[in-house]
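# Results of the structural survey
The primary structure of each chain is shown beneath.
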Amino acid sequence: MKITGSSQPLFTLSDGMLYDSRKLPWSECCANPVRAIYSQLFHAIETTEHMRACLRHGAYCYGSGEIMFVCSDGACLCFKCAREEYAQISSSIREGFSDGWRVIGLWDSGSSDEPEYCAHCNKFVSAYEEESEYLERIVEEQGE
Ligand SMILES: [Zn+2]
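Predicted, not measured: the structure shown is a model, and the values here were computed from it.

### Section: the packing of helix α2 (residues 48-57) against helix α4 (residues 86-95)
When two helices pack together, their arrangement is given by the angle between the helix axes and the distance between those axes. Put simply, α2 and α4 touch, their axes get as near as 9 Å, and they point 150 degrees apart. As judged from the angle between their axes, α2 and α4 are roughly antiparallel. Each of Thr 48, Met 51 and Leu 55 in α2 lies in contact with α4, whose residues at this interface are Tyr 86, Ile 89, Ser 90, Ile 93 and Arg 94. Of the residues contributing to the contact of α2 with α4, the split by class is 5 nonpolar, 2 polar and 1 charged.

Structure representation (structure tokens):
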């Protein structure tokens, strides 16, 4: 029996690689990815290829939470802003600029007790609480 592949000729598997069933039989194409880095999260982002793979992966880290991108100045960018400002980010990564757009890694809400704000749009990201709850807690802690 010949396995002819999925209904989509280009596909990704859970390994984050891109495969093309048009070029090779189904059984062989899974051993020969078209792109080894395609759709996956990198906690250290050193190249624009890493950045694009993170953007293709999506805004949520399986089993954890929503991701944000950490820039070389320590500020965070939400997924939406990183996607919209990809041209600036990729230029800064390639050139090694420290202009506030060079993404160097990922932060995910599920691995931190403290929330983060996007430095570009001020979006609040937390795995545990809404922004109003967070602000109330901060005010209570300051009052003690
Ligand atoms: Zn944002």
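### Some words on the domain arrangement of the protein chain
As assigned here, the protein chain comprises domain 1 (1-38) and domain 2 (48-143). On a C-alpha basis, the centres of domain 1 and domain 2 stand 32 Å from each other.

### A closer look at unusual backbone geometry
Excluding glycine, a negative phi dihedral is what most residues carry, and trans is how most peptide bonds are arranged. The phi dihedral of Asn 122 falls on the positive side, at around 70 degrees, and the residue is not glycine. Note on placement: Asn 122 falls in the loop between β6 (116-117) and β7 (124-125).

### Let's talk about the environment of Pro 33
Here Pro 33 lies in the loop between α1 (26-29) and α2. Taking the C-alpha atoms as reference points, Pro 33 and His 120, separated by 87 residues in sequence, lie 36 Å from one another. In this structure Pro 33 touches Met 17, Leu 18 and Tyr 19, once residues within four positions along its chain are discounted.

Reading the values: rules and limits
- Residues numbered from 1 in each chain as written.
- Predicted model: local features only at pLDDT ≥ 70, side-chain atom pairs only at ≥ 80, totals over all residues.
- Axes fitted to C-alpha atoms, helices over the stretch in contact; angles between N-to-C directions.
- Helix = DSSP H or I, 4+ residues; strand = E, 2+ residues; numbered from the N terminus.
- Parallel < 35°, antiparallel > 145°, perpendicular 65-115°, else oblique.
- Contact = placed C-beta atoms within 7 Å.
- Nonpolar A, V, L, I, M, F, W, Y, C, P; charged D, E, K, R; others polar.
- Domains from an automatic or database assignment.

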